[in-house]
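Residue strings, one per chain:
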Amino acid sequence: MTAALPALPVLLPALGAGMSLLRLPRPVMRGLSIGVLAAVVACGAALLVLADRHGPQALHVGGWPAPLGITLVADRLSSLLLTVSALVALAVLLFAIGQGTAEERRSSAVVFHPAYLVLVTGVSLAYLTGDLFNLFVAFEVVLAASYVLITLDADENRTRAGMTYTIVSLTSSLLFLSLVALVYAATGTVTLAQLGPRLAELPDGLRSALALLLLSVLGIKAAIVPLHFWLPDSYPTAPAPITAVFAALLTKVGVYALLRTQTLLFPRTDVWILLACAAVITMIVGILGALAQDDLNRLLSFTLVSHIGFMLFGIALFDVQGLTGTILYVVHHIVVQAALFLVAGLAVRRTGTAALHRMATRPKPGPLVVTLFVVPALSLSGIPPLSGFVAKLALLRAGVAQGTPAAYALAGTALLTSLLTLSAMTRVWMAAFMGRPPGRPEEHPGEPSGTGRDRPSGTRLMLAAAAGMTTTGVAVAVCAGPLAGLGERAAEDLLHPREYRSAVLEGSQR
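Each chain carries its own residue numbering, running from 1 in the written order of its sequence. Per-residue local features are limited, in this predicted model, to residues with pLDDT of at least 70; the limit for side-chain atom pairs, both in listing and counting, is 80 or more; totals at the level of whole chains, interfaces and linings are taken over all residues. Calculated side-chain values reflect all of the structure's heavy atoms, with hydrogen atoms and water omitted.

Chemist: Outline the overall build of the protein, listing residues and values.
Modeler: Each helix and strand counted, the protein has 20 helices and 2 strands in total. The C-alpha radius of gyration of the protein comes to 22 Å, within 12% of the 24 Å expected for a compact globule of 510 residues. Overall, the protein is about 70 × 55 × 40 Å in size when its C-alpha atoms are taken along their principal axes. Three labels apply to residues, based on accessible area from a 1.4 Å probe with only protein chains included: buried if under 20% of the type maximum, exposed if over 50%, partly exposed otherwise in between. Looking at the protein residue by residue over its 510 residues, the buried ones come to 60%. Contacts were defined at the residue level, with two residues in contact if any of their heavy atoms lie within 4.5 Å. Put simply, of all contacts in the protein between residues at least 6 apart along the chain, 81% involve residues at least 24 apart. Per the convention used, a helix needs a DSSP run of H or I reaching at least four residues, while a strand needs a run of E reaching at least two, with both numbered from the N terminus. Between the two quantities, the radius of gyration covers C-alpha atoms and the globule rule is 2.2 Å times the number of residues to the power 0.38.

Chemist: Residue-level account of the confidence of the model for the protein, with values.
Modeler: Confidence of the predictor at the level of single residues is captured by pLDDT, which takes values from 0 to 100. When pLDDT is averaged across the protein, the result is 87; 93% of the residues are at 70 or more. When the elements of the protein are averaged for pLDDT, helix α9 (residues 231-234) gives the smallest value, 83, and helix α11 (residues 273-291) the largest, 95.

Chemist: Tell me about the environment of Ile 308, residues and numbers included.
Modeler: Along the chain, the position of Ile 308 falls in helix α12 (residues 296-317). Overall, Ile 308 belongs to the buried group, its relative accessible area being 0%. Sequence separation between Ile 308 and Gly 286 is 22 residues; the distance between their C-alpha atoms is 8.9 Å. With near-sequence residues (within four places) excluded, Ile 308 lies in contact with Ala 222, Ile 224, Thr 251, Val 255 and Thr 282.

Chemist: Can you explain helix α2 (residues 26-54)? Please cite residues and give values.
Modeler: End to end, α2 covers 42 Å across 29 residues, agreeing with the expected 42 Å (1.5 Å per residue, within 8%). Looking one or two places after α2, you find Gly 55, whose phi comes out positive at around 95 degrees. Given the number of residues in a helix, its expected span is that number minus one, multiplied by 1.5 Å.

Chemist: Mind laying out the packing of aromatic side chains, listing which residues take part and the relevant values?
Modeler: Between the rings of Phe, Tyr and Trp (Trp by its six-membered ring), a pair exists once the centres lie within 6.5 Å; its type follows the angle of the planes, with under 30 degrees stacked, over 60 edge-to-face, and the other angles tilted. Enumeration according to the criterion identifies 8 aromatic pairs in this entry. Taking 6.3 Å as the distance between ring centres and 15 degrees as the angle between the ring planes, the aromatic pair formed by Tyr 165 and Phe 246 counts as stacked. Here the residue Tyr 165 occupies a position in helix α6 (residues 156-187), and Phe 246 occupies one in helix α10 (residues 240-265), the gap between them amounting to 81 residues. Each member of the pair, Tyr 165 together with Phe 246, is buried. By the ring-pair criterion, three or more aromatic residues cluster together here, those being Phe 133, Phe 136, Phe 139 and Phe 176.

Rendered as structure tokens:
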């Protein structure tokens, strides 16, 4: 059973998606989706324990060893992100069920649950795949599911935004497929464990070109400036739970792929100046874009772009401390970004608008919703002792320890971006959560009015899901010591992948 464990996070949601197409009764369909995601969380946690104690867990699908067959690999990094991502996906699903948006009509329920589980299938495969081609496949699975979710019961604006998202993603996919073909032509393999040594034998010019093409492809997926333009126009148009899961997971899968491939395929011994420049530009452009927004969801989308720069910060340093900071920041950001978008959904539902200048004149949410916003907002801004502070402190310490001008520039930009993030969060606080006391919103024609206002049980479930995410963010800060130790061991694995290669290539020709 343990040997097959790496397959379950991919297999279970795929099977659940197939079963949910059988037009089951809604309670059964909900229970199936919740049960599948809970099982994925349990599998991720079990894989994390096994990987931390015994090294990477590899499964050769069908008994075919690499590079002939498909290999799934769960090491410390992939298992950690899988567990956190599945937990967030479960909380967002509960929020969506409570909100009722995805199940207003029978047709919506039939489409939402299988598409959501297919999305989790793609995310799990991206974390666990051991070869470059199946990483491409994972991104395509995620794209197919996310297009369905972003255009579910869509109006003209959401359809247009969905098309923008799809066209950009397909362009990235074509580039990715071209990269896979070029890598295979140059090396004779797409297995990640074999590619590092073989790419090192290529001429420097060809190797650098492949590294830049991979950075461009994954830069689109991760929304690195200037390849970010699609995100602020796409995410805010979707319903709150869809926006939350996209913001929490999709860009982080791109960051994970960048982290995995650049360390395994193109290892470095010094600061990567190009990525350091991209990190600085991403932090500054993203947060300035956020400060210019009046729409709450667009503001949060731009902060999402900005804080991708913090993750690039650690990757650019290319040492254990920097990668540890990136891993901590990814975990923190997955949870906090999901919490912020869920709370934003509650605020929009209460006020009937996402425009900050209109929110300022509308009745405000109750004290519980206010608290659920304050904690992740302060964490995103890096206020101690929350998880954002822990992650940013790790990155700043790594930058200072590196001691190069590029590292100091990254650290200074990170501090400035944190201050500007606090300014943006304060602006949201003043508009959406301060002012008029709680009460029913006024009805304004042409503005979103939320669903399920008269369903107290649904509201309680939405609050519970948002509270769960906020509590998880606090737990990340409380467990900062053990998590930092785990992150450091995962960073060591990335920079010294001997055990990873051994687990993948065991029983095959090296």
